[in-house]
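Listed below are the residues making up each chain.
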Amino acid sequence: MSRETVSHEDGAIYEFTPDLEALATVESGAELTIETRDSLDGAVQAESDVIESVPEEVNAATGPIALEEATPGDVLRVEIEEIRIVEARGRVITIDGFGLLDGYDDIEAPRTRMTPVSADGATLEFDDLEVPIDPVIGTIGVAPDSASYTTLVPHDHGGNLDSTDVTAGNAIYFPVFQDGAMLAMGDCKAAMADGEMCGTGSEVATEIDVTVEVIDGGATDVDLRRPLVETPDAWKPLASAETLEEACELANRDAIALLETEHGFDATDAYLFSSLVGGLEISQVVDPLVTVRNSIPKAYLSSPF
């Protein structure tokens, strides 16, 4: 099967809505290259370029891409094969009114630091320090069930998840709420720490190689309600909510539901077992909703699908 390219130059969205119209339509199993622009739409090209406030349109997500076979109740699997940086530098910024330490007297906002890519493409430069390049997809999701969410917001449909596990070598699964699923992605970072504390990673334009697959919802016992990441070693439900406590509760509920199905536990035993083998991880604490994930090793949870 030949690889199809879908580019931000053909179309991108700034809002995930229930009635998205497809930019492209593909079959389950399609191999795609997704071209994305940086989350700030090219507005920052030097340290003299600053962003005074959060733009109305930010985190352009290339797409949406419809899957011919996808219907509500199915699951969309997106295997992330490679993320290539296609510019010579990224940018990390502060914005007034945004970020974990917004409002602290010693934190200047706005400020921009450019992060040049090394000649071998392996690291970013920050002053005389080197940071390993480890690209992440910041915003990725499908058309939501009923409400609409800008690409700055994470929710059950995905969106601005800003999770370091959404990277090459892993797969991410989404519940399908609308015909076609309507996948879109962008807002990539050359490097980003868990938490994304200042509000950005090193924002860059990329090319992303993915394979997309529709899983028949009627063929699985899993009732997927929110995104789920698969790494080589673990399954990680992701959840977003207004507070970390609420997000942790949702991620734990999703984890115990998977453990119930896997082991025949009742909810309480699954809850007890999750406290032995699970691991809550912070994805981001700066978006309108915060995001966490709960890591269950594959030694205790085989494929849910």
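Draft legend 1. Looking closely at the packing of helix α1 (residues 244-263) against helix α2 (residues 267-277). Contact pair α1 / α2: the axes reach a minimum separation of 8 Å and the direction vectors enclose 110 degrees. Relative to α2, the element α1 is oriented roughly perpendicular. The chirality of how α1 crosses α2 is right-handed. On α2, the residues touching Asn252, Ile256, Leu259, Glu260 and His263 of α1 are Ala267, Ala270, Tyr271, Phe273 and Ser274. Among the residues making up the contact of α1 with α2, the classes are represented as six nonpolar, three polar and one charged.

Draft legend 2. Looking closely at α1. Over its 20 residues, α1 extends 28 Å from the first C-alpha to the last, a length consistent with the 28 Å expected when each residue adds 1.5 Å. If you check which residues of α1 are buried, you get Ala247, Ala251, Asn252, Asp254, Ala255, Ile256, Leu258 and Leu259. Among the structural elements, β19 (228-230), β20 (234-241), α2, β21 (280-284), β22 (290-294) and β23 (296-297) are those in contact with the buried residues of α1. At the exit of α1 stands Gly264, carrying a positive phi of roughly 75 degrees.

Draft legend 3. Main features of the pattern of salt bridges. Tallied over the full model, the rule gives 24 salt bridges. Among the salt bridges present, the one from Arg84 reaches Glu207, with a minimum N-O distance of 3.1 Å. Taken together, the positions of Arg84 in strand β7 (residues 75-85) and Glu207 in strand β18 (residues 206-215) put the pair 123 residues apart, joining distant regions of the chain. For Arg84, a relative accessible area of 24% translates into the label partly exposed. Classification of Glu207 as partly exposed rests on a relative accessible area of 24%.

Draft legend 4. Layout of α2. Listed as buried for α2 are Ala270, Phe273, Ser274 and Val277. Projected onto a plane normal to the axis of α2, the buried residues spread over an arc of 110 degrees and lie on a single side. Exposed residues lying more than 90 degrees from the buried face of α2 are Thr268, Leu272, Ser275 and Leu276. Its buried side turned inward, α2 meets α1 and β23.

Draft legend 5. Fine view of the nonpolar core. Core analysis: the biggest nonpolar cluster contains 32 residues, and Leu76, Val78, Ile137, Ile140, Ile208 and Val212 have the highest contact counts within it. Elements supplying a minimum of two residues to this core: β4 (24-26), β5 (31-36), β6 (61-67), β7, β12 (136-141), β16 (171-175), β17 (183-189) and β18. Apart from the residues lying within four places of it in its own chain, the contact partners of Val212 are Val26, Glu27, Ser28, Gly29, Ala30, Leu32, Leu67, Leu76, Arg77, Val78 and Leu183. Membership of the second largest hydrophobic core comes to 17 residues, among which are Val75, Leu258, Leu259 and Ala270.

Draft legend 6. Region of the structure containing the packing of aromatic side chains. In the structure shown here, the tally under the stated rule is five aromatic pairs. Pairing Tyr173 with Trp235 gives two aromatic rings, centres 5.5 Å apart and planes at 50 degrees, and the pair type is tilted. In this pair, Tyr173 sits in strand β16 while Trp235 sits in strand β20, placing the two residues 62 residues apart along the sequence. For the pair Tyr173 and Trp235, a shared accessibility class is recorded, and that class is buried. Chaining the aromatic ring pairs together yields one cluster made of Tyr173, Trp235 and Phe305.

Draft legend 7. Just the side chain of Thr211, in detail. Relative to the elements of secondary structure, Thr211 occurs in strand β18. On the accessibility criterion, Thr211 (15% relative accessible area) is buried. Within polar-contact distance, the side chain of Thr211 engages the side chain of Glu81 at 2.4 Å. When near neighbours in sequence (up to four residues on either side) are disregarded, Thr211 contacts Gly29, Ala30, Glu31, Arg77, Val78, Glu79 and Glu81.

Draft legend 8. Structural context of unusual backbone geometry. Note that the residue after Gly63, namely Pro64, is joined by a cis bond; omega there is 5 degrees. Positionally, Pro64 belongs in strand β6. Here the residue pair Ala109 and Pro110 is connected by a cis peptide bond, since its omega of 10 degrees sits within 30 degrees of zero. Tracing the sequence through the fold places Pro110 in the loop between β8 (89-94) and β9 (111-116). Positive phi is not limited to glycine here, since Asn59 has a value of about 65 degrees. Relative to the helices and strands, Asn59 resides in the loop between β5 and β6. The class of Asn59 is buried, set by a relative accessible area of 5%. Look at Ala181: it is not a glycine, yet its phi comes out positive at around 70 degrees. Looking at the secondary structure, you find Ala181 in the loop between β16 and β17.

Conventions and cut-offs
- Residues numbered from 1 in each chain as written.
- Predicted model: local features only at pLDDT ≥ 70, side-chain atom pairs only at ≥ 80, totals over all residues.
- Heavy atoms only, no water.
- Axes fitted to C-alpha atoms, helices over the stretch in contact; angles between N-to-C directions.
- Helix = DSSP H or I, 4+ residues; strand = E, 2+ residues; numbered from the N terminus.
- Parallel < 35°, antiparallel > 145°, perpendicular 65-115°, else oblique.
- Left-handed = near helix turned anticlockwise from the far one by under 90°.
- Contact = heavy atoms within 4.5 Å.
- Nonpolar A, V, L, I, M, F, W, Y, C, P; charged D, E, K, R; others polar.
- Expected span 1.5 Å × (residues − 1).
- Buried < 20%, exposed > 50% of the residue type's maximum accessible area, 1.4 Å probe, protein only.
- Salt bridge = Lys/Arg side-chain N within 4 Å of Asp/Glu carboxyl O.
- Arc of directions from axis to C-beta.
- Core = buried A, V, L, I, M, F, W, Y, C linked by side-chain atoms within 4.5 Å.
- Phe/Tyr/Trp six-rings, centres within 6.5 Å; stacked < 30°, edge-to-face > 60°.
- Polar contact = N/O pair within 3.5 Å; in protein donor to acceptor, adjacent residues only side chain to side chain.

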